[in-house]
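So you can see what is in the structure, the chains are spelled out below.
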Amino acid sequence: MTDREPARILLADDHALVRRGVRLILDSEPDLTVVAEASDGAEAIAQARTERPDLAILDIAMPRLTGLQAARELSRILPDLRILILTMYDNEQYFFEALKAGASGYVLKSVADRDLVEACRAAVRGEPFLYPGAVNALIRNYLERVADGEDPTSGRTITDREEEVLKLVAEGHSSKEIADLLVISVKTVERHRSNLLQKLGLRDRLELTRYAIRAGLIEP
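None of these values were measured; they are calculated from a predicted model.

Visitor: Describe helix α7 (residues 160-170), and please don't skip the residues or the numbers.
Guide: Considered for burial, the residues of α7 that qualify are E162, V165, L166, L168, V169 and A170. For α7, the elements touching its buried residues are α8 (175-182), α9 (186-200) and α10 (205-214). Note on α7: the residue one or two positions beyond its end, G172, has a positive phi of about 95°.

Visitor: Lay out the pairing of strand β1 (residues 7-12) in plain terms, naming residues and giving numbers.
Guide: Most of β1 sits inside the fold, with 5 of its 6 residues counted as buried. One ladder, built from 6 bridges, connects β1 with strand β2 (residues 32-38); its direction is parallel. Bridge assignment links A7 to a residue of β2, and that residue is L32. Tracing the backbone out of β1, into helix α1 (residues 16-27) and back to the parallel element β2 gives a crossover that is right-handed. Strand direction decides the pairing type here: β1 and strand β3 (residues 55-58), joined by 4 bridges, are parallel. Paired with A12 across the two strands is L58, which belongs to β3.

Visitor: Could you give me a rundown of the UniProt feature "domain: Response regulatory" (unreviewed entry) in the chain, with the residues and numbers involved?
Guide: What UniProt calls "domain: Response regulatory" (unreviewed entry) maps, in this numbering, to residues 8-124. A distance of 10 Å separates the end C-alpha atoms of residues 8-124, which is 49% helix and 22% strand.

Visitor: Before we move on, could you go through the pairing of strand β5 (residues 105-108) and cite the residues and values that matter?
Guide: Of the two faces of β5, the one lined by G105 and V107 and the one lined by Y106 and L108 are each fully buried. Taken together, the 4 bridges between strand β4 (residues 82-87) and β5 define a ladder with parallel strand orientation. The partner of T87 across the bridge, within β5, is L108. For the crossover from β4 across helix α4 (residues 92-101) to β5, the handedness is right-handed. Pairing between β5 and strand β6 (residues 129-130): 2 bridges, direction parallel. Following the sheet pairing, G105 is matched in β6 by F129.

Cut-offs applied
- Residues numbered from 1 in each chain as written.
- Predicted model: local features only at pLDDT ≥ 70, side-chain atom pairs only at ≥ 80, totals over all residues.
- Heavy atoms only, no water.
- Buried < 20%, exposed > 50% of the residue type's maximum accessible area, 1.4 Å probe, protein only.
- Helix = DSSP H or I, 4+ residues; strand = E, 2+ residues; numbered from the N terminus.
- Contact = heavy atoms within 4.5 Å.
- Pairing = 2+ DSSP bridges.
- Right-handed = clockwise from strand over helix to strand, strands pointing away.
- UniProt positions renumbered as here; feature names shortened; annotations may be inferred.

Here is the structure:
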């Protein structure tokens, strides 16, 4: 993309009226243009494959696939695509899950007329865009982790499979139920659970559940 070419945007929201309003905001800017629209997450992925936009703007609550699920898949198949979440949810769990899914920005619909254009430009430049409440949530999360004795800079990571197990443990499923859901052995589930406790420095299911809430894997 050269300086003269507008950033090509995919817009996904299940409400046509919202898409129309957002499109009016974006298409009035010389450096931004909406090239495709989608009404759900699955359609957004299909449109992104076809149109190869520079930026995808995704609502969270959509049919078939949510914006967060779509963001995870888009980050995997189109790693150069920038992603913004545009949502009505001023919610820390959704915010942290959006960052985890690969979004570089989180914009509230209530202030879209003020923040969206700036957020789009930041995303295209490869910079994050966070509304003030999200910044506060990040700082609070960091301080909570320090207070809990964690090292937030240690970069400890868990695998995708361990994350699946963590979510199901936190939701209250037994090892047998998790094994059936993930089509793995109970022994493998127990190994993943043991690895999670060790990696995250936790002691039991209750602490795993608290961690899962803080990580945005489940809602409190």
